[in-house]
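# Tertiary structure, described
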Amino acid sequence: MPNGTTFLTRSGWLNLAILAIFLLVVLPLVVDPFRLNLVGKYLTYAFVALGLVMCWGYGGILSLGQGCFFGLGGYCMAMYLKLEASSIENTKIQSTPGIPDFMDWNQITALPAFWVPFKSFPLTIIAILILPTILAFVIGAAMFKRRVGGVYFAIITQAISSILTILIVGQQGYTGGVNGITDLRTLNGWDIRSDHAHTILYFVCVILLIACLLLAQYVTCSKLGRILVAMREKEDRVRFSGYSVANFKIFIFCLAAVFAAIGGAMFTLQVGFMSPTFVGIVPSIEMVIYAAVGGRFSLFGAIYGTLLVNFAKTSFSESFPELWLFGLGALFIGVVMLFPNGLAGIYRSTLDPYVKRLLGSTPRPKSADPSVSQPAE
Amino acid sequence: MLGGYTFTDLGSIFVMQGFAGLILFSVFVLMALGLAIIFGQMGVINMAHGEFMILGAYVTYLTSTFFQAHLPGLFSIYFFVAIVLAFIASGIMGLIVEYVLIRHLYNRPLDTLLATWGLSLILQQAYRTIFGAREVGVELPQWMLGSWHATESIEIPINGMIIMALTILITIGVGFLMYKSRWGKNVRAVVQNRAIAGAVGIDTEKVDRYTFGIGCGIAGIAGAAFTMIGSTGPTSGQLYIVNAFLIVVFGGAQSLLGTIASAFTISQTQSTLEFFLSGSMAAVITLLAVVGLLMLRPQGLFTLKVRR
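These lines cover the structure that appears in this document, whether it is placed above or below. Model, not experiment: these values are computed from the prediction. (Residues numbered from 1 in each chain as written. Chains lettered and ligands numbered in written order. Predicted model: local features only at pLDDT ≥ 70, side-chain atom pairs only at ≥ 80, totals over all residues. Heavy atoms only, no water.)

## Here we look at the overall build of chain B
Helix and strand content of chain B: twelve helices and two strands. The order of α-helices and β-strands along chain B, N terminus first, is α-α-α-α-α-β-β-α-α-α-α-α-α-α. Computed over its C-alpha atoms, the radius of gyration of chain B comes to 20 Å, within 12% of the 19 Å expected for a compact globule of 308 residues. C-alpha atoms of chain B, sized along the principal axes, occupy 60 × 50 × 35 Å. Going through the 308 residues of chain B one by one, you find that 55% of them count as buried. A separation of at least 24 residues holds for 76% of the contacts in chain B among residues at least 6 apart in sequence. (Helix = DSSP H or I, 4+ residues; strand = E, 2+ residues; numbered from the N terminus. Rg over C-alpha atoms; globule rule 2.2 N^0.38 Å. Buried < 20%, exposed > 50% of the residue type's maximum accessible area, 1.4 Å probe, protein only. Contact = heavy atoms within 4.5 Å.)

Written out as structure tokens, the structure is:
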């Protein structure tokens, strides 16, 4: 890769090893299965945060509608699990056996057509990956081809996630309404509610997360990643150099959407339900803060940031529920005003030089570091 | 617009439904006016705008309880006092927020968006701590409660007419301020070319601060109007923020006329559709239509040429 940087520097490999050991060895040994399941739930948000680092940090596109893709992935998985849970034997007390219970309560007598593909597991997996990509492509193509960006894009994506929430809540018979799709039991006959299953799903989640991290790392250090950074800094100059700016933006937005959808699907599997509360504006913006706390230019930071914010949220909500919103609000303001580069920025300026010296590697050339210059926005 | 002003039932339904849309339109316009001024002038996305509105609503609530307890004789005019107080409270709050927060984040619109979102969370929790999580409603004076029987079958509530009159008054006031006053001239100069406006001696920072204050103050008035059609809770503002932003963007960010036109289109579409479909589907179709149109015409309905 003549124009790129190395895939991972020595300290990058060290970070990866630390993350992998922390998530795969330390946490499963230290915490009990209930807490581990909770960490697994947090990690599903980290998929979204990874996507946001890609499209917001590197691409300069802030999407406030990632909850929409998270929800799509989650709902696809939930629909499959719900159909499996609503087999004829399980639902024989209903007036129409074989359809999900909430449909029966809403006087729907046949399975709606868009539910039918979710009877098959492979089709569900394909839907989880393809549906968000199509949606992101349509939104991206419509917006970026017309050179709409910045706050306009943020507002439109926010509106789209709001539309999806209203739609899900309103169409109770087809989507389970405000309660969401609940009471999910098995995946291909395997009980997903036991502690054992939760532990296995946790490991699956971590491995998928690390795979996504490596994919994202591959993208950022390729020529494509360099173009993204260039575009964020001086879009016109990249355009005049002959690159199709819109296509790069569409690509990175689709990638972020797919990450979010994988996170959503893993969320449904680990938590056992999906509801519109994870789709709307509030969760979408909250997911942005995960990436911001971790550092909007740092893939590793996104994961740690997500864990930290969610850990703080859970412990605050348990002991001082009224203080949490104050804390979260202050976090938004503090990160923006005082630490625009988040945890990763603090790490880079304090610990990183020592680590690098210890490893004996030369510091990376300045131009390769995406956080050196302030974002153009 | 009403398809023939007949005295049949259908005609009455159209009139009343149209009027219901107009009340929604009034609240939307009042909210969007403040947002449009702030966004058009400074490029600042104020996600806490709904909370400024709710501040106005709570001030109105406090004024009404104060009048009930201490000045029952003047209760019939409390609303007008409340409007002024709501404007002042939200406006001062806006000035403080601009000074402490927004001022440091100019030229970073996405960061402003996140910071003001954080502010909105803090304000929501503050309202919840101070006023409780339950929604509060104001008691209207007797003369505002009735409705005007235009014909035998058409009834128009008086408080709706008051909100409309208020909206028209505020809109004219803002129009006057922006297009006839010296201050408005300064604002428009800053919108069109900030650097040159500064070079000819306009104190752009001061213009920014007062614009933000006035925008927030108008949100406060929107809140006062809001108490007449709904009850006030800590998170009521959040329900309106997406619509208000879409109105501003759809109208074309720098155009007051566009804001009014798009608020009218969106509120009328929604209330007309609500008659035929369920409320949620009406909202979905309206929002989808707006988003679709914005994808085709991203600059909005009306645009102003601005040098960036």
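## Description of the overall build of chain A
Along its length, chain A carries 16 helices and two strands. In summary, chain A has a C-alpha radius of gyration of 21 Å against a globular reference of 21 Å for 377 residues, a match within 12%. Referenced to the eigenvectors of the C-alpha coordinate spread, the extents of chain A come out at roughly 70 × 50 × 40 Å. In chain A, which comprises 377 residues, the share counted as buried stands at 57%. Of the roughly 15,700 Å² of accessible surface on chain A, 68% is carried by carbon and sulfur atoms. Taking the average place of the 25 positive charges on the side chains of chain A and the average place of its 17 negative ones, the gap between the two points comes to 14 Å. (Areas by Shrake-Rupley, 256 points an atom, 1.4 Å probe, with all protein chains shown as cover. Lys, Arg positive; Asp, Glu negative; His and termini not counted. Charge placed at Lys NZ, Arg CZ, Asp CG, Glu CD.)

## So, the environment of Phe114 of chain A
All names here are of chain A. Residue position: Phe114 is located in the loop between helix H4 (101-105) and helix H5 (121-144). What makes Phe114 partly exposed here is its relative accessible area of 43%. Distance in space between the C-alpha atoms of Phe114 and Tyr174 is 9.3 Å, their sequence separation being 60 residues. Apart from residues lying up to four places away in sequence, Phe114 is in contact with Met79 and Tyr174.

## Examining the interface of chain B and chain A
Note: interface size is frequently given as the accessible area lost on complex formation between the parts. Between chain B and chain A, the residue contacts involve 41 residues of the former and 42 residues of the latter. For the pair chain B and chain A, the summed buried area comes to about 3,700 Å², and 82% of that belongs to carbon and sulfur atoms. In terms of surface lost to chain A, no three residues of chain B exceed Leu110, Leu114 and Met295 of chain B, which account for 20% of the buried area on that side. The tally of links between chain B and chain A comes to one salt bridge. (Buried area = accessible area lost by both parts, 1.4 Å probe. Salt bridge = Lys/Arg side-chain N within 4 Å of Asp/Glu carboxyl O.)

## Structural notes on unusual backbone geometry
Residue and element names in this part refer to chain A. Positive phi outside glycine occurs at Gln107, with the angle close to 60°. Take Gln107: it is sitting in the loop between H4 and H5. In the Ramachandran plot, Asp183 falls in the positive-phi region, its phi being about 60° despite a non-glycine side chain. Tracing the sequence through the fold places Asp183 in the loop between helix H7 (172-175) and strand E1 (186-187).

## Considering the packing of helix H7 (residues 182-192) of chain B against helix H9 (residues 204-229) of chain B
Residue and element names in this part refer to chain B. Direction vectors running N to C along H7 and H9 enclose 110°, while the axes themselves pass 10 Å from each other. The angle between the axes of H7 and H9 places the two elements in the roughly perpendicular class. Seen from H7, the contacting residues are Trp183, Asn186, Val187 and Val190; seen from H9, they are Thr204, Val207, Tyr210, Thr211 and Ile214. (Axes fitted to C-alpha atoms, helices over the stretch in contact; angles between N-to-C directions. Parallel < 35°, antiparallel > 145°, perpendicular 65-115°, else oblique.)

## A word on the packing of aromatic side chains
This structure, assessed with the given rule, holds 26 aromatic pairs over all chains. Site record: aromatic cluster; members linked through ring pairs are Tyr45, Phe70, Phe267, Phe273, Phe278 and Tyr290 of chain A. In this arrangement the basic side chain of Arg103 of chain B is found over the ring face of Tyr99 of chain B, its NZ or CZ atom lying 4.1 Å from the centre. (Phe/Tyr/Trp six-rings, centres within 6.5 Å; stacked < 30°, edge-to-face > 60°. Lys NZ or Arg CZ within 6 Å of the ring centre and 35° of its normal.)

## Digging into the environment of Gly220 of chain B
Following the sequence through the fold, Gly220 of chain B ends up in helix H9. Taking the C-alpha atoms as reference points, Gly220 of chain B and Ile54 of chain B, 166 residues apart in sequence, are found 7.1 Å from one another.

## A closer look at the side chain of Thr171 of chain B
Residue and element names in this part refer to chain B. By the secondary structure assignment, Thr171 is in helix H6 (residues 158-179). A distance of 2.5 Å separates a polar atom in the side chain of Thr171 from the backbone oxygen of Thr167. Ignoring any residue separated from it by four or fewer positions in sequence, one finds Thr171 in contact with Val29, Leu33 and Ile260. (Polar contact = N/O pair within 3.5 Å; in protein donor to acceptor, adjacent residues only side chain to side chain.)

## Topic: the environment of Ile130 of chain A
Looking at the element boundaries, Ile130 of chain A is found in helix H5. For the pair formed by Ile130 of chain A and Leu214 of chain A, sequence separation is 84 residues and the distance between their alpha carbons is 21 Å.

## Some words on helix H9 (residues 223-233) of chain A
Residue and element names in this part refer to chain A. Buried within H9 are the following residues: Leu224, Gly225, Ile227, Leu228, Met231 and Arg232. Down the axis of H9, the buried set is contained in an arc of 160°. They therefore lie on one face. Looking at the buried positions of H9, the neighbouring elements they touch are helix H2 (33-58), helix H8 (195-221), helix H10 (235-240) and helix H11 (245-271). (Arc of directions from axis to C-beta.)

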